[in-house]
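# Remarks on the overall topology
Given next are the chains, with one letter for each unit.
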2 protein chains.
Amino acid sequence: MTNLSTTSDDILACARSLIIAGGYNGFSYADIAEVVGIRKASIHHHFPSKVDLVRTLVFRYREEARAGFAELERTAADPRDQLSSYVGYWEKCIADASAPFCVCALLASELPVLPAEVAGEVRLHFETLSEWLTSVFERGAEVGIFRLSNPPQAEAEAFMAAVHGGMLSARVHDEALRHDHRFDARSPLQLTQLGHHIRPHSTYQLVDRENDDN
Amino acid sequence: MTNLSTTSDDILACARSLIIAGGYNGFSYADIAEVVGIRKASIHHHFPSKVDLVRTLVFRYREEARAGFAELERTAADPRDQLSSYVGYWEKCIADASAPFCVCALLASELPVLPAEVAGEVRLHFETLSEWLTSVFERGAEVGIFRLSNPPQAEAEAFMAAVHGGMLSARVHDEALRHDHRFDARSPLQLTQLGHHIRPHSTYQLVDRENDDN
DNA sequence: CGTTACCTACCTAATAGTAGGTAGGCTGCA
DNA sequence: TGCAGCCTACCTACTATTAGGTAGGTAACG
């Protein structure tokens, strides 16, 4: 029951939200130090270098993601529900601004200038995500719930791209609302949410349910 | 015919490709100086501050984009062709690695830590792109070429998100090919191309053409 | 003669990272 | 019980390097 040394967890959590805001080069040890309430040098005690910090950060992120997929495999047997739960998860993260972007999606955009060890972790996340989504589409097709117009892997890639691009759009719309109030009139507030930027269900054909009225 | 002072253009071009590689905080005046073959201080002669540089860079980018949309309006009357030309443009940029990412898409990912003036320009690009795509879908629906399952603006947002997310995936796969040769066996080389990550045609329903065999 | 385009030489702040020290908490042992 | 030894977690104070930016000079040119 001893929450012994949560400091390194605090550092990781802080670094995560800083990365979500501005990527690898968008934050410094000084930024973390100020938030966590510790000295710069103390961060080096926990994470000798910035690469160490971000590599373990992304590794943990990958672990959480894998755990999330496994959880969805257990709790939501229906591929439809698995996909909508996945999107719903990000809907929530964006809506409550707790983590309005995928750490790996943001880092992926800077991939060419990322330290090799970090880049490797980021690539692995994309692999994991892509493989899980592919398996969902495969099973959906096998069970007869999805009528795919492309191979499962292609559908998975398209789905993933739609979600990642939706995060970008949501960020832009969110920032627009913050700084440009004229924007309010043109776009409803809900545009900051993921679901209004992607049409995940149009990347595949749903076989009609019996009760499909809502 | 005088190509007077191409230096500032060189600086802008160099900065553009550096931003495409790693975003706003991923490059410095020193990087530009080395590539252009000029001293750091001389860049300040052309662009007093980094914000000036990037703001005009994004402004020009927006102008080029608007010009491109106008060109597509003239040359490709069919909304189908307009959309596929747009995607094709990015296909080419990614395939020949000339500009494997949209400047504004990359900057948008760092939006929260961007200087306000740059952030504003980035938002304006998204607005322009979104409006143009909306008009394409609108016209396509009016003419009877598209059967939309969502309002034109929603289709436009989804289309845009698919393209942006596809750029991300293409970047990850490209980097994977560079550094992880085992990857070759699993994913064909073409996965670095946009078209294999998005299914733009599945975001809307095409009314069947007469000759729809290819 | 003034403007443009560049230079050298600097500045200040911030970057990641290091050296070395201290306070306190365990462990082992006489 | 008390003390030695060690470890963890932090600190202050520093380093070298890089960041964006400035001051002032010079050479070419219309």
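The following refers to the structure shown. A quick note: this is a predicted structure, and the numbers were derived from the prediction, not measured. (Residues numbered from 1 in each chain as written. Chains lettered and ligands numbered in written order. Predicted model: local features only at pLDDT ≥ 70, side-chain atom pairs only at ≥ 80, totals over all residues. Heavy atoms only, no water.)

## Describing the nonpolar core
Our working rule: What we call a nonpolar core is a set of buried Ala, Val, Leu, Ile, Met, Phe, Trp, Tyr and Cys residues that are connected through their side-chain atoms within 4.5 Å. Burial classes follow relative accessibility: with a 1.4 Å probe on protein chains only, a residue under 20% of its type's maximum area counts as buried, one over 50% as exposed, and anything between as partly exposed. By the convention used here, residues are in contact when the closest approach between their heavy atoms is within 4.5 Å.
Core analysis: the largest hydrophobic core is formed by 117 residues, its most contacted members being Tyr86(A), Leu107(A), Val122(A), Tyr86(B), Leu107(B) and Val122(B). Contact partners of Tyr86(A), with chain neighbours within four places excluded, come to Phe69(A), Leu72(A), Leu129(A), Trp132(A), Phe159(A) and Val163(A).

## Considering the packing of helix α4 (residues 50-75) of chain A against helix α5 (residues 79-95) of chain A
Residue and element names in this part refer to chain A. Stated precisely, the cut-off is as follows: Note on definitions: angles span 0 to 180 degrees between N-to-C directions of axes, and those axes are lines fitted to C-alpha atoms, for helices only across the stretch in contact. Counting from the N terminus, the helices are DSSP H or I runs at least four residues long and the strands are E runs at least two residues long. Should an angle lie under 35 degrees it is considered roughly parallel, over 145 roughly antiparallel, and from 65 to 115 roughly perpendicular; all remaining angles are considered oblique. Crossing handedness is defined as follows: a turn of the near helix away from the far one that is anticlockwise and smaller than a right angle gives a left-handed crossing, while the clockwise case is right-handed.
Contact geometry for α4 and α5: axes closest at 10 Å, N-to-C directions at 140°. It follows from the interaxial angle that α4 and α5 lie oblique. Read as a crossing pair, α4 and α5 show a hand that is right-handed. Contacts between α4 and α5 involve Tyr61, Phe69, Leu72 and Glu73 from the former and Gln82, Ser85, Tyr86 and Trp90 from the latter.

## Considerations on the packing of aromatic side chains
What counts is decided by this rule: Between 30 and 60 degrees the pair is tilted, below 30 it is stacked and above 60 it is edge-to-face, where a pair is any two Phe, Tyr or Trp rings, Trp via its six-membered ring, whose centres lie within 6.5 Å. For a lysine, the NZ atom is tested; for an arginine, the CZ atom; a charge sits over a ring if that atom is within 6 Å of the ring centre and within 35 degrees of the ring normal.
Counted according to the given criterion, the structure contains 14 aromatic pairs over all chains. Here Tyr86(A) and Phe159(A) contribute two aromatic rings whose centre-to-centre distance is 6.4 Å and whose plane-to-plane angle is 40°, an arrangement assigned as tilted. Linking Tyr86(A) in helix α5 with Phe159(A) in helix α8 (residues 152-179), this pair joins segments that are 73 residues apart in sequence. Residue classification places Tyr86(A) among the buried positions, given a relative accessible area of 7%. Owing to a relative accessible area of 1%, Phe159(A) belongs among the buried residues under this scheme. Measuring from centroid to centroid gives 5.9 Å for Phe137(B) and Phe159(B), while their planes differ by 70°, and the two rings are edge-to-face. Pair noted here: Phe137(B) is in helix α7 (residues 116-143) and Phe159(B) is in helix α8 (residues 152-179), with a separation of 22 residues, a long-range link. Ring pairs connect the aromatic residues Phe69(A), Tyr86(A), Trp132(A), Phe137(A), Phe146(A) and Phe159(A), which therefore count as one cluster. It is Lys50(A) that lies over the ring of Tyr24(A); its NZ or CZ is 4.6 Å from the centre.

## Concerning the pattern of salt bridges
When their charged atoms lie close together, side chains carrying opposite charge are able to pair. Note the following rule: Salt bridge, as applied in this entry: a Lys or Arg side-chain nitrogen positioned within 4 Å of an Asp or Glu carboxyl oxygen.
Evaluated as defined, the whole model comprises 20 salt bridges over all chains. Here Lys92(A) and Asp96(A) are joined by a salt bridge, their closest N and O atoms 3.9 Å apart. For the salt bridge of Arg178(B) with Asp174(B), the shortest nitrogen-to-oxygen distance reads 2.7 Å. Of the two residues, Arg178(B) and Asp174(B) are both situated in helix α8; the distance of four residues between them amounts to about one turn of the helix. By relative accessible area, which is 49% here, Arg178(B) ends up partly exposed. Asp174(B) sits in the partly exposed class, given a relative accessible area of 27%. One connected set of salt bridges, linked through shared partners, spans Asp52(A), Arg55(A) and Glu117(A).

## Observations regarding the protein's contact with DNA strand C
Let me state the cut-off plainly: A cutoff of 4 Å decides nearness: a residue is near a molecule or strand if any of its heavy atoms lies inside that distance of it. Counted as a polar contact is a pair of N or O atoms within 3.5 Å, where, for protein atoms, one must be capable of donating a hydrogen and the other of accepting one, and residues adjacent in sequence contribute only when both atoms are in side chains.
Near DNA strand C there are 17 residues, and of these His44(A), Lys50(A), Arg39(B), Ser42(B) and His46(B) occur at the shortest range. Counting only atoms of DNA strand C within 4 Å of the protein, the fraction found in sugar and phosphate groups is 63%. In this structure, Lys40(A) approaches DNA strand C through a side-chain N or O atom, which is 3.4 Å from a base nitrogen. In this structure, Lys50(A) approaches DNA strand C through a main-chain N or O atom, which is 2.8 Å from a phosphate oxygen.

## Some points on α4(A)
Residue and element names in this part refer to chain A. Basically, it comes down to this: Expected helix span is taken as 1.5 Å per residue step, with the number of steps being one fewer than the number of residues.
Across its 26 residues, α4 extends 37 Å between first and last C-alpha, which sits within 8% of the 38 Å expected from 1.5 Å per residue. Restricting attention to buried positions, one finds in α4 the residues Val51, Leu53, Val54, Leu57, Val58, Tyr61, Arg62, Ala65, Phe69 and Leu72. At its buried positions, α4 is contacted by α1 (7-22), α2 (29-36), α5, α6 (103-109) and α7 (116-143).

## Here we look at the protein's contact with DNA strand D
For the record, the criterion: Charged means Asp, Glu, Lys or Arg here, nonpolar means Ala, Val, Leu, Ile, Met, Phe, Trp, Tyr, Cys or Pro, and polar covers whatever is left, Gly included.
Surrounding DNA strand D, one finds 17 residues, the nearest of these being Arg39(A), Ser42(A), His46(A), His44(B) and Lys50(B). Counting only atoms of DNA strand D within 4 Å of the protein, the fraction found in sugar and phosphate groups is 62%. Within the side chain of His44(B), a nitrogen or oxygen atom sits 3.2 Å from a base nitrogen of DNA strand D. When residues of the surface near DNA strand D are traced back to their parent elements, those giving at least two are α3 (40-46) of chain A together with α2 (29-36) and α3 (40-46) of chain B. The element that contributes the greatest number of residues to the surface near DNA strand D is α3(A), accounting for four residues. Taken together, the residues of the surface near DNA strand D sort by class into six nonpolar, eight polar and three charged.

## Notes on the packing of α1(A) against α4(A)
All names here are of chain A. For the pair α1 and α4, interaxial distance at closest approach is 10 Å and the crossing angle is 85°. Between α1 and α4, the angle is such that the two are roughly perpendicular. Seen from α1, the contacting residues are Asp9, Ile11, Leu12, Ala15, Arg16 and Ile19; seen from α4, they are Leu53, Val54, Thr56, Leu57, Arg60, Tyr61 and Glu64.

## Comments concerning the environment of Ser84(A)
Residues and elements named next belong to chain A. Among the structural elements, Ser84 can be located in helix α5. Look at Ser84 and you get partly exposed, because its relative accessible area is 38%. A polar contact of 3.3 Å, which involves the side chain of Ser84, links it to the backbone oxygen of Asp81.

Remember that the coordinates give geometry; whether it matters functionally is a separate question.
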